[in-house]
Number of protein chains: 2
Amino acid sequence: MSESMHGLRRTHHCGELSKQHVGQEVVLMGWVQRRRDHGGLIFVDLRDRSGLVQIVFSPDVDEAAFKKAEAVRNEYVLAIVGKVQERPEGTANPNMVTGEIEVYAHTLRVLNRAKTPPFYIEDHIDVDENLRLRYRYLDLRRPEMQHSLIMRHRAAKSVRDFLDNHGFLEIETPMLTKSTPEGARDYLVPSRVNPGKFYALPQSPQIFKQLLMLAGMEKYFQIVRCFRDEDLRADRQPEFTQIDLEMSFVDADDVMSLMEQMIAKVCKDTIGLEIKVPFPRLSYQEAMDRYGSDKPDTRFDMELKDITPIAAKCGFKVFNSAAAGGGQVKGINAKGCAAFSRKEIDDLTAFVAVYKAKGLAYMMINEDGSVKSPIAKFFNEDEIAAIKDKLEAQPGDLLLFVADKPAVVAAALGALRLHLAQRLNLIPEDRWNFLWVIDFPLLEYDAEEGRYFAMHHPFTSPVEEDIPLLQTDPGKVRARAYDMVLNGVEVGGGSIRIHRRDVQELMFKALGLGPEEAKEKFGFMLEAFEYGAPPHGGIAFGFDRLVMLLTGKDSIRDVIAFPKTASATCLMTQAPDVVDPAQLVELHIRSTAVVKNNSDK
Amino acid sequence: MSESMHGLRRTHHCGELSKQHVGQEVVLMGWVQRRRDHGGLIFVDLRDRSGLVQIVFSPDVDEAAFKKAEAVRNEYVLAIVGKVQERPEGTANPNMVTGEIEVYAHTLRVLNRAKTPPFYIEDHIDVDENLRLRYRYLDLRRPEMQHSLIMRHRAAKSVRDFLDNHGFLEIETPMLTKSTPEGARDYLVPSRVNPGKFYALPQSPQIFKQLLMLAGMEKYFQIVRCFRDEDLRADRQPEFTQIDLEMSFVDADDVMSLMEQMIAKVCKDTIGLEIKVPFPRLSYQEAMDRYGSDKPDTRFDMELKDITPIAAKCGFKVFNSAAAGGGQVKGINAKGCAAFSRKEIDDLTAFVAVYKAKGLAYMMINEDGSVKSPIAKFFNEDEIAAIKDKLEAQPGDLLLFVADKPAVVAAALGALRLHLAQRLNLIPEDRWNFLWVIDFPLLEYDAEEGRYFAMHHPFTSPVEEDIPLLQTDPGKVRARAYDMVLNGVEVGGGSIRIHRRDVQELMFKALGLGPEEAKEKFGFMLEAFEYGAPPHGGIAFGFDRLVMLLTGKDSIRDVIAFPKTASATCLMTQAPDVVDPAQLVELHIRSTAVVKNNSDK
């Protein structure tokens, strides 16, 4: 058999060589990071997945190899044979893991040449992301990208080891499945064999994993691709990966306790981080009250303080009418920001307006403890003192208030809290604040649609004693749901599921699905519940997001090998693309778009 | 939090209880396998994933539990609390793992009721597969199905452990990708954001894994879903799972050697099977010559014997004209079948006709060593002796011959060999004959299409010294490819890939792709080759098929949790299905099929 490596067999990786190899002959293969000529010698930094090592070509060692090395350029692929030597006194490079040694090469094979890459193959480059995505195979050569994918691999391995040890079975569920109502928009796949019919790519394996519990598999998991055809935001991709699992005969505590152990193991196995279990738990209500968010970032304070009782009695109409109308008045303390300019305050007011807050009241605490504020005149001294007390105000602080419906107050102040924390650099980077949010409402009312929607999904179990409320006061029903939050990001969410047909039917009814419609859309599921469904529950983690947080990246695109852009395209392969019209004919569809087509050429 | 298990927490699994638990109080949860009343007691076999255990309800132990147990039916979901006791003398059940003990229950909670299932939840049922697929969640409760999925999980875990230990990274590649020419039919996904454009679901991650090698990842693997929209045969599914891997700086020997170690580990970790490495290697030519197949089943002999030299000189025109025209005459020895009837021979002739053999000549060896055959008269004694010698004929044997083009001879006799082996029960069930087939031709000529096709795929590297032949005699070029075969089934196939742009262009040219077309379809790949592509190669295994063989199943449907039928439908969910016409509008497509639509109702 012919050998593309000219019969050479790699003996070591570049980055693993050290003083202990001095004197050994090694065969290395990798890419040229850079070449420089100095003192009649040629130096090449050779790179492979493990790191860099310096190769030296000397005419005294091998004339032919030296000659060949002269033609070598960045990103050429080389195989070299040489001897490891300690670097001469004073030339060791402390910035390089292998900096104490170098390899004197007596043989060089150029395995492939390379054009000059469109950007440097090194960390911290300032390059347009689109260029990086177009040449993703070059972008991924950069050590920080390799590190991300290595961490991703390790995280997945860690999860699998943990779950295997705990009796879970990884079971693959279909990708070509059925369109799910009550979800996001589906990606559809036309069927050739069944004209006019379509598969949907799964938004999650929710129904299948529940059916696996009905099938007696007891403990299921899967690290699985999911799909949502939504308009993309910074941390969304049309296809994403989920750690998905489900257990039978468990309650919420069982799931939460096991999952915090799993996540603790992942943190340790990837970045060596020790985290404490159990995680703190916050009720949904407490999270909304204190942080204005159901995924609170607890790495810093600046909690929301309720001054509604004070506001109710004050002379400021905006405050007291909000309080009177069932609304709230709450504030946060931006410590040390009393010197904010009018312009800065205006910007903050504009910021909360996005969250539908009609205004942003403020009080600046002067050095002498007095208050500077356009609304100060509406409050008596006791009220001012009570407010300052409530918000733990000190001289130099800026107090910011929103008065509105509770949902608006929470959204506006919750966002403002995060905004200010970032701006004021209040967030310690080395904290890993995991917590659970529990006791969610089962349903939320959508005023526009005029009906209830499932806060998690329609299979979430209500708390047993709240079941009667489903028919009388659905908004009051609590869910047996739990979200895992890390540093203000929801990393996982799950629930105990409904396992009784009658309860599932009540739930569909609460969602406005008539019996006919429920049967048509979920008939097989309702039928399945009649054949001995065990109590069960589970959870799903956004794997991309988890790896992003573990590796300290800002975007999930940096932890996905071949991500798509915000317009859901792959800049490298140009997917999606036009296809041969004959393919569409076979699939019984016609494009209604007017585009330049392959066949027009 | 409300507890659906009424506050009970499972302490043991049914199947793990034994004499060592006698005297312990246990909490068990599971399904009722069967209930019977005997001697004033109620016996329930309770089943969970681990197995069965006998529960006893006695009015003397707990009147209420006994009363409740009277209402229990098959497949009810129960939680019980009770004490493990040794069964009375003479009542142990040796057919049950837990047959020496039983659990006297003092508490019973009915967690869910069940209707009578449409078939028995037990092994070896004789039920229409469509019914099983429709109620897959019940079918999967059967121990043999659970065993299949457990083995599948273990096989995947074993592969991942092995590859992780060998420095491989599991890297996920896109599911929404680009339609691939030169492959099977693609499943397409219309893009909403990019009107008139389509993603394709991957037939394999071939291009992406090669780009990962260009990206310096060095060792990649993935257990990954792949899709082919082909007309389905017994062992095909529209979506299937592949163990996919790729390595840089390796030759074919490196890949084959590592892969046989991996498969040996999988055999051991799943079914405890020890297999010997290295595997035997057969060249493609030898496999075709001796077995008439590039995936030979070597568990039995009956090899194809070439009698062309004898046939060339004989008086039988069919034989000598085949030999003269560049064809072959080959035979197999159906030992002990000399008594086959005229009808049986006719059936065999019809069988080989499917493979385009124009006839099937035969010789029966009489007890006295003489030959009974319609064609015997065309051969002299020496020729008959030579043929008998070549086929190692003994009295009682039946010799069968095909004279035709080599491809027809191989196909016909290769299939006939397998057919007879099955019919004559020659295949030992306990043999695990792994082997490699190597030295494949790179291209095969398709006379109908009038051009060459890649025998593996267009990225397979030719043997170095054969590269010039690509332009002069493409059919002669050998590929650096290798297939792993188990008991006559191809379980994996791979190759060293082309890593030079010039060679890839020659390959495309040999396949009849003009430079423009090649650039349009594979431009990004050709461009990528210019930036320092390392030598690389890999392999892919059909995971479903591998698990099927390991578990001794006849169909991959039995090792897939939710498979589809031959018409690519899921009988449980009714996927594919009609969708809301508004969904199609958003996707810029229109259905050309005339079907009853949701909106017509």
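Residues numbered from 1 in each chain as written. Chains lettered and ligands numbered in written order. Predicted model: local features only at pLDDT ≥ 70, side-chain atom pairs only at ≥ 80, totals over all residues. Heavy atoms only, no water.

Remarks on the interface of chain A and chain B
Now for step 1: Contacts between chain A and chain B engage 138 residues on the former and 137 residues on the latter.
Now for step 2: Interface of chain A and chain B: buried area, both sides summed, is about 12,400 Å²; carbon and sulfur atoms make up 57% of it.
Now for step 3: Our count for the contact surface shared by chain A and chain B stands at 26 salt bridges.
Now for step 4: The salt bridge partner of E218(B) is R10(A), with a shortest N-O separation of 2.8 Å.
Now for step 5: Counting across the chain A and chain B interface gives 81 residue pairs in polar contact (both at pLDDT 80 or more).
Now for step 6: Looking at the side of chain A that touches chain B element by element, the count peaks at nine residues for helix α4 (residues 143-165) of chain A.
Now for step 7: The residue inventory of the side of chain A that touches chain B, partitioned by class, reads 65 nonpolar, 29 polar and 44 charged.
Now for step 8: Two elements, strand β23 (residues 589-591) of chain A and strand β23 (residues 589-591) of chain B, share three bridges in a ladder whose sense is antiparallel. For S591(A), the partnering residue across the bridge sits in β23(B) and is I589(B). (Contact = heavy atoms within 4.5 Å. Buried area = accessible area lost by both parts, 1.4 Å probe. Salt bridge = Lys/Arg side-chain N within 4 Å of Asp/Glu carboxyl O. Polar contact = N/O pair within 3.5 Å; in protein donor to acceptor, adjacent residues only side chain to side chain. Helix = DSSP H or I, 4+ residues; strand = E, 2+ residues; numbered from the N terminus. Nonpolar A, V, L, I, M, F, W, Y, C, P; charged D, E, K, R; others polar. Pairing = 2+ DSSP bridges.)

Notes on the packing of α4(A) against helix α4 (residues 143-165) of chain B
Now for step 1: Relative to each other, α4(A) and α4(B) sit at 135°, their axes nearing to 11 Å. When the axes of α4(A) and α4(B) are compared, the pair comes out oblique. Where α4(A) crosses over α4(B), the handedness of that crossing is left-handed. Across the interface between the two elements, H153(A), K157(A), R160(A), D161(A) and D164(A) from α4(A) touch H153(B), K157(B), R160(B), D161(B) and D164(B) from α4(B).
Now for step 2: Here the residues of the contact of α4(A) with α4(B) sort into no nonpolar, two polar and eight charged. (Axes fitted to C-alpha atoms, helices over the stretch in contact; angles between N-to-C directions. Parallel < 35°, antiparallel > 145°, perpendicular 65-115°, else oblique. Left-handed = near helix turned anticlockwise from the far one by under 90°.)

Details of the packing of aromatic side chains
Residue and element names in this part refer to chain A.
Now for step 1: Evaluated as defined, the whole model comprises 38 aromatic pairs over all chains.
Now for step 2: When the ring of W436 is compared with that of Y482, the centres are 6.0 Å apart and the planes differ by 90°; the resulting orientation is edge-to-face. Of this pair, W436 sits in strand β17 (residues 434-438) while Y482 is found in strand β20 (residues 481-486), placing the two residues 46 residues apart along the sequence.
Now for step 3: For W436, a relative accessible area of 0% translates into the label buried.
Now for step 4: Centre to centre, the rings of F508 and F522 are 4.8 Å apart; their planes meet at 10°, and the pair counts as stacked. Linking F508 in helix α14 (residues 501-510) with F522 in helix α15 (residues 515-528), this pair joins segments that are 14 residues apart in sequence.
Now for step 5: Among the residues examined, F508 registers a relative accessible area of 1% and is labelled buried. (Phe/Tyr/Trp six-rings, centres within 6.5 Å; stacked < 30°, edge-to-face > 60°. Buried < 20%, exposed > 50% of the residue type's maximum accessible area, 1.4 Å probe, protein only.)

Let's talk about the relation of the copies chain A and chain B
Now for step 1: Least-squares fitting of chain A to chain B yields an RMSD of 0.1 Å, with the transformation described by 0.0 Å of translation along the axis and a rotation of 180°. Such a combination of rotation and displacement between the chain copies is what one expects of a two-fold axis.
Now for step 2: A share of 99% of the interface residues of chain A reappears at the interface of chain B, consistent with the copies meeting face to face through the same patch. (Least-squares fit on C-alpha atoms with pLDDT ≥ 70 in both.)

Considering the packing of helix α5 (residues 206-214) of chain A against α15(A)
Residues and elements named next belong to chain A.
Now for step 1: Viewed as axis vectors pointing N to C, α5 and α15 meet at an angle of 20°, and their least axial separation amounts to 10 Å. Judged by the angle between their axes, α5 and α15 are roughly parallel. In this structure, the crossing between α5 and α15 has a hand that is left-handed. Contacts between α5 and α15 involve I207, Q210, L211 and L214 on the former and, on the latter, F522, F524, M525 and A528.

Looking at the nonpolar core
Now for step 1: Counting residues in hydrophobic clusters, the biggest one holds 100 residues, and the most contacted among them are Y137(A) and Y137(B).
Now for step 2: Among the nonpolar cores identified, the runner-up in size contains 45 residues, and I275(A), I438(A), L546(A) and L549(A) belong to it. (Core = buried A, V, L, I, M, F, W, Y, C linked by side-chain atoms within 4.5 Å.)

Comments concerning the environment of Q210(A)
Residue and element names in this part refer to chain A.
Now for step 1: Its location among the elements puts Q210 in helix α5.
Now for step 2: In this structure, the C-alpha to C-alpha distance between Q210 and I498, residues 288 residues apart in sequence, is 9.7 Å.
Now for step 3: Apart from residues lying up to four places away in sequence, Q210 is in contact with E246, F459, R497, I498, M525, F529 and H536.
Now for step 4: Of the polar contacts made by the side chain of Q210, one reaches the side chain of H536; its length is 3.0 Å.

Things to note about the pattern of salt bridges
Residues and elements named next belong to chain A.
Now for step 1: Scanning the entire structure with this criterion turns up 112 salt bridges over all chains.
Now for step 2: For the salt bridge of E75 with R141, the shortest nitrogen-to-oxygen distance reads 2.9 Å. Of this pair, E75 sits in the loop between α1 (63-70) and β4 (77-86) while R141 sits in the loop between α3 (136-139) and α4, and the two are 66 residues apart along the sequence. In terms of burial, E75 and R141 fall into one category: buried.

Quick look at the UniProt feature "binding site: L-aspartate" (unreviewed entry) in chain A
Residue and element names in this part refer to chain A.
Now for step 1: Here the UniProt feature "binding site: L-aspartate" (unreviewed entry) sits at E182, R228, H456 and R497.
Now for step 2: Sequence-distant contacts of R497, defined by excluding residues within four places in its chain, comprise Q206, K209, Q210, L245, E246, H457, F459, S461, H536, G537, G538 and I539.
Now for step 3: Within the structure, the side chain of R497 is placed 2.8 Å from the side chain of S495, a separation counted as a polar contact. (UniProt positions renumbered as here; feature names shortened; annotations may be inferred.)

Quick word on unusual backbone geometry
In most cases, non-glycine residues show a negative phi, while peptide bonds are predominantly trans.
Now for step 1: The step from V277(A) to P278(A) runs through a cis peptide bond, and the omega angle for that step is -5°.
Now for step 2: You can see P278(A) is positioned in the loop between α6 (252-271) and β11 (281-283).
Now for step 3: Residue P576(B) is bonded to the preceding A575(B) through a cis peptide linkage, with omega at -5°.
Now for step 4: Position of P576(B) among the secondary structure elements: in the loop between α16 (543-551) and α17 (581-586).
Now for step 5: Positive phi, normally seen in glycine, also occurs at E392(A), with a value near 50°.
Now for step 6: For E392(A), the position within the fold is in the loop between α11 (381-390) and β16 (398-404).
Now for step 7: With relative accessibility at 54%, the residue E392(A) sits in the exposed group.
Now for step 8: The backbone of H588(B) shows a phi angle near 60°, a positive value even though the residue is not glycine.
Now for step 9: Considering the arrangement of structural elements, one finds H588(B) in the loop between α17 and β23.

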